[in-house]
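Read off the chains here:
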Amino acid sequence: MPPEIVGRRGALAGERFGIGDKPVTFGRKAGNTVVIASVSVSRVHAEVRREGHGFVLYDRGSSNGTRVNGEPVTSHVLQPGDEIAIGDETFGFEAADAMETILDLSLLEALMPPAEPEEPGPVLKVTVAGGGPVGLAFALLLENLMGRRVSITVHDSRWTQEGDRVVWKDEGQGNVRRQQVVTVQSRQYLNLPEEVQARLFTEGTYTEMWPAGPDSIRGFNPRNIRIAYVEDTLLDLANAKRDRIRLVPARFDVAEQKEAVARDHVLAICEGGRSRTREHFAARFGTPDTSIYSLDGEHLQDVVLGLRVKSRLSDPMTVLLTVAQNRFLLNSLRGEGFLNMRLTDAEAREVVGIDPVRQVFEQCIASRPCVMSRDGHGDFHCSTHSTFFLPALIKGSALWQRIKEGLALFDVDEQDLSAITAFRLDMVQRPRFTARLHPATAAGPGTYGFLLGDAANAIHFWPGRGLNSGLASAISLARTLSGTWRGRALRDADFVRHEAAMSMLQYRHKSRAWNAMITTDENGVGQAIKDKIATSIEESAAGKPDRAADVDALMEQLRAIRERLAPRIAGMPDDSVLRERLETLGSETLRTLRDSGPWDTVTVGGEEVDIDIFYQDARAASGTAPVGG
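Owing to the predicted nature of the structure, the values given are computational and were not obtained by experimental measurement.

(A) How the structure looks around the domain arrangement of the protein. Domains assigned within the protein are domain 1 (4-94), domain 2 (124-167 + 231-292 + 428-515) and domain 3 (297-425). Each of domain 2 and domain 3 was reduced to a C-alpha centroid, and the two centroids are 32 Å apart. Note on domain 2 versus domain 3: buried area summed over both sides is about 920 Å², and carbon and sulfur give 67% of it. For domain 2, the biggest contributors to the area lost against domain 3 are His 460, Phe 461 and Trp 462; these three give 67% of the whole. Summed over the shared surface of domain 2 and domain 3, the number is 0 salt bridges. Across the contact surface, domain 2 and domain 3 share 1 residue pair in polar contact (both at pLDDT 80 or more). The class makeup of the residues in the side of domain 2 that touches domain 3 is 4 nonpolar, 2 polar and 1 charged.

(B) Local environment of the confidence of the model for the protein. Of all residues in the protein, 93% have pLDDT values of 70 or greater, and the mean over the chain is 88. Highest mean pLDDT in the protein belongs to strand β20 (residues 266-269) (98); lowest belongs to helix α1 (residues 98-102) (39). Segment residues 97-112: pLDDT under 50, and 13 contacts once partners within four positions in sequence are set aside and those in other chains are kept. Below pLDDT 50 for its whole length, residues 619-629 participates in 24 contacts with residues either more than four positions away or in separate chains.

(C) Quick look at the nonpolar core. Counting residues in hydrophobic clusters, the biggest one holds 74 residues, and the most contacted among them are Val 126, Phe 138, Leu 142, Ile 152 and Leu 247. Among the elements that make up this core, the one with the highest residue count is helix α3 (residues 133-146) (9 residues). If sequence neighbours within four positions are ignored, Ile 152 has contacts with Val 126, Val 128, Ala 139, Leu 142, Glu 143, Arg 244, Ile 245 and Arg 246.

(D) Layout of the sheet that holds strand β11 (residues 89-94). Ordered in space as β2-β1-β11-β10-β7-β8, the 6 strands form an open sheet in which the pairing is antiparallel. In the strand order of this sheet, the two ends are held by β2 (16-18) and β8 (71-73), each with one partner. In this sheet, adjacent strand axes meet at a mean angle of 30° when their direction is disregarded. Looking at chain direction, strand β10 (residues 83-86) and β11 are connected through 4 bridges and run antiparallel. Along β11, the bridge assignment pairs Ala 85 with Thr 90.

(E) Quick peek at helix α16 (residues 496-514). The terminal C-alpha atoms of α16, which comprises 19 residues, lie 27 Å apart, in line with the 27 Å expected from a rise of 1.5 Å per residue. His 498, Glu 499, Ala 501, Met 502, Leu 505, Gln 506, Arg 508, His 509, Lys 510, Arg 512, Ala 513 and Trp 514 are the residues of α16 that are buried.

(F) Seen up close, unusual backbone geometry. In this model, Asn 69 sits at a positive phi of 55°, which is unusual for a non-glycine residue. Tracing the backbone shows Asn 69 in the loop between β7 (66-68) and β8.

(G) Examining the pattern of salt bridges more closely. Taken as a whole and judged by the stated rule, the model has 44 salt bridges. Here Asp 302 and Arg 342 are joined by a salt bridge, their closest N and O atoms 2.9 Å apart. Highlighted residues: Asp 302 in strand β23 (residues 302-310) and Arg 342 in strand β25 (residues 336-342), separated in sequence by 40 residues. Considered together, Asp 302 and Arg 342 belong to a single accessibility category, that of buried residues. Residues Glu 608 and Arg 508 are paired through a salt bridge, measuring 3.5 Å at the closest nitrogen-oxygen approach. In this pair, Glu 608 sits in the loop between α21 (601-604) and α22 (616-622) while Arg 508 sits in helix α16, placing the two residues 100 residues apart along the sequence. When sorted by exposure, Glu 608 lands in the same class as Arg 508, which is buried. A single network of salt bridges, built from pairs that share partners, joins Glu 4, Arg 8, Arg 9, Arg 16, Glu 83 and Glu 94.

(H) Quick peek at the packing of aromatic side chains. By the definition in use, this model includes 11 aromatic pairs. Ring centres of Tyr 448 and Phe 495 lie 5.1 Å apart, and the angle between their planes is 50°; on these two criteria the pair is classed as tilted. Separated by 47 residues along the polypeptide, Tyr 448 in strand β33 (residues 447-451) and Phe 495 in the loop between α15 (466-484) and α16 bring together distant segments of the chain. Since its relative accessible area comes to 2%, Phe 495 is described here as buried. Measuring from ring centre to ring centre gives 4.9 Å for Phe 450 and Phe 495, while their planes differ by 70°; the resulting arrangement is edge-to-face.

About the criteria used
- Residues numbered from 1 in each chain as written.
- Predicted model: local features only at pLDDT ≥ 70, side-chain atom pairs only at ≥ 80, totals over all residues.
- Heavy atoms only, no water.
- Domains from an automatic or database assignment.
- Buried area = accessible area lost by both parts, 1.4 Å probe.
- Salt bridge = Lys/Arg side-chain N within 4 Å of Asp/Glu carboxyl O.
- Polar contact = N/O pair within 3.5 Å; in protein donor to acceptor, adjacent residues only side chain to side chain.
- Nonpolar A, V, L, I, M, F, W, Y, C, P; charged D, E, K, R; others polar.
- pLDDT = per-residue confidence, 0-100.
- Helix = DSSP H or I, 4+ residues; strand = E, 2+ residues; numbered from the N terminus.
- Contact = heavy atoms within 4.5 Å.
- Core = buried A, V, L, I, M, F, W, Y, C linked by side-chain atoms within 4.5 Å.
- Buried < 20%, exposed > 50% of the residue type's maximum accessible area, 1.4 Å probe, protein only.
- Pairing = 2+ DSSP bridges.
- Axes fitted to C-alpha atoms, helices over the stretch in contact; angles between N-to-C directions.
- Expected span 1.5 Å × (residues − 1).
- Phe/Tyr/Trp six-rings, centres within 6.5 Å; stacked < 30°, edge-to-face > 60°.

Below you can see the structure in the form of structure tokens.
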């Protein structure tokens, strides 16, 4: 007879649930092995899995936690007699017969002399500069793959020490948290450690508003999740692994850390698109090329206004309206997120703050960028620089009126616009992502540097692949290091597959993003989408647009997109709902939306980068599957 989970106290007292090779799941949702009808229990709350010769209890990121013998746990190797508390229910773990009771590890330890501690062998020493989502995901994945064979140190100045834990600084400490919602593809999140997946994706933390596509694997949809929640969760997980991941709440200073870096094997640079560490080693990584992302010899740049909003529209309606034009993009979590507005060059020059005391203008919102939050008077205020968003103060300004039109398109009340920021977006082609920083010497093992995340490939986010590219780069490097580390000095040849994967990611995601920045006319001549919007605004001002014709043209675009997406997204709006939404807009806005054009999904669609192809032989040799598989 197999061991059992037995109800001790609560409505399920006396019930018995056998444990076999399939996991025993606990939760409120029908379909769990143990269904607990309580609002204090998550839909999928916890599970017990067979692992090797034992059974392990995992909390699945539940809201109210799981306790064993009165102590909160995220995972616990079950022993006979353990009591498991979930909500108002208490269960016992029981062995089915005396022989299995004898296998209690604590009894064996009492009878046997202590074993000699296992030597981990040579330890790979890794420093990570930048503890955002990519840096932390890389550290957690590498620790998961290598265990005691790796020692990782992560630096980030946006952290602070709070008791025995490292936490994110708040706004009062100079760190404005990122509340943007990002779309993570299943090709990436299913390759993260199961523990990370379980903590990130719990009830209420994500939605699946975008349909499955070429980057969706094993039937899992893309998932929308707030970036600040990802950062909090990953840092919390890293805090729990202090034996192998050391967190340093300070900026990585390459000059101060020069000797330490020379003693390490790996420096992973994850500081973002403006990385100081990458620039320090610019001669090693090579000069980036701007010409490939230029028009008529000018490096193309977009300025996007980020409006933090709460929309009343359904997800299917939001997706349809977003894909139908290139002026506004709403990426949200149950309606709350950022409405991004692509600006013309003239509009971008209006994105300034004003300091009413010093009576000076500041570029803080456009150049830092800062977040201007709505204050008690309804104004948008930057607490860091004591400035106010000038276009909102001048209620009749053209930019502010166009912002309000974007709110109307996505059914956002003006009072539900809570903050404004801006992004400057451009791209460069990087020649390489791996470089030897220090040669192997008698005093040092030889140090390799790697560009990951935005430090490697800062990508225009309009098609939504920035974080996905960053996670893919972290997954690739973690697998490479885990597979090649044998205690000897690293070599260029060890990173051939990783460098190839990075080049593929750059080509695919930046080509997709480039097609979100430009369009071509009937003669094949390229033009920036922002310039097409500017021309549309100028023509609307010069002559009255044909409102009825513009509504009809937009309806035709919406119908075509709806027909294409309907098999993958349920609940698409009908013609009357769409037309009613368009009729709320001004004539200039209708013309601008029409002229901006729908997303060019044909050009940016197609095969995605699958980094698994570079690592299949290594997994086959070890008999392991992808993490999370």
